[in-house]
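Tertiary structure, described
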Amino acid sequence: MVTAQPPRLSIQTVANRGVELSWSAPANDLQLESASTLRQSTVWQPVSQAPVLRGGQFVLTVDASQGSRFFRLRQQAGAT
């Protein structure tokens, strides 16, 4: 039995104080979430901006000028 590896979230800085987040397609059952802190009580919020598909990767650029943010990919409820 072969177990599929989960997609890896890649993060890199881009021009104009932006951060580009990307992960492999077809991971369309994943939701990108963000939080401003990492604590036991952290509340993760869905990122409302939709990623675009580019070269086999979902890609999303966010503004990094608002301070530190943390990101994760989470499988959406009901997905298998």
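As shown above, the structure is provided for reference.
The rules behind each value
- Residues numbered from 1 in each chain as written.
- Predicted model: local features only at pLDDT ≥ 70, side-chain atom pairs only at ≥ 80, totals over all residues.
- Heavy atoms only, no water.
- Helix = DSSP H or I, 4+ residues; strand = E, 2+ residues; numbered from the N terminus.
- Buried < 20%, exposed > 50% of the residue type's maximum accessible area, 1.4 Å probe, protein only.
- Contact = heavy atoms within 4.5 Å.
- Areas by Shrake-Rupley, 256 points an atom, 1.4 Å probe, with all protein chains shown as cover.
- Salt bridge = Lys/Arg side-chain N within 4 Å of Asp/Glu carboxyl O.
- Pairing = 2+ DSSP bridges.

Another aspect to go through is the overall build of the protein. Along its length, the protein carries zero helices and seven strands. Going from N to C terminus, the protein has its helices and strands arranged as β-β-β-β-β-β-β. Sorting the 80 residues of the protein into buried and exposed places 24% on the buried side. Of all intrachain contacts in the protein linking residues separated by at least 6 positions in sequence, the fraction that spans at least 24 positions is 59%. When the accessible surface of the protein is summed, it comes to about 6000 Å², and 49% of that surface belongs to carbon and sulfur atoms.

Turning our attention to the pattern of salt bridges. The full count for this structure, using the stated rule, is three salt bridges. Of the charged contacts, one joins Arg54 and Glu20 as a salt bridge, the two residues approaching to 2.9 Å between their closest N and O atoms. Residue Arg54 is found in strand S5 (residues 52–54), and its partner Glu20 is found in strand S2 (residues 18–24); the two are separated by 34 residues along the sequence. Since its relative accessible area comes to 46%, Arg54 is described here as partly exposed. For Glu20, a relative accessible area of 14% puts it in the buried group. The partner of Arg74 in a salt bridge is Glu33, and the shortest N-O contact between them spans 2.8 Å.

Quick look at unusual backbone geometry now. Of note in this structure, Asn16 is not a glycine but carries a positive phi near 60°. Position of Asn16 among the secondary structure elements: in the loop between strand S1 (10–14) and S2. Even without being a glycine, Arg17 presents a positive backbone phi close to 60°. Inspection of the secondary structure puts Arg17 in the loop between S1 and S2.

Moving on: the environment of Gly56. Here Gly56 lies in the loop between S5 and strand S6 (57–63). Judged by its relative accessible area of 41%, Gly56 falls in the partly exposed class. Those residues in contact with Gly56 that lie beyond four places of it in its chain are Ser24 and Ala25.

Let's shift gears to the pairing of S2. With respect to burial, S2 is a largely interior element, six of its seven residues being buried. Sheet topology places S1 next to S2; five bridges connect them, and they run antiparallel. In the sheet register, Ile11 faces S2, and the bridge partner there is Leu21. The turn joining S1 and S2, which pair antiparallel and follow one another in sequence, is formed by three residues; a positive phi near 60° is taken by Asn16. Bridge analysis of S2 against S6 gives seven bridges, and the strand direction is antiparallel.

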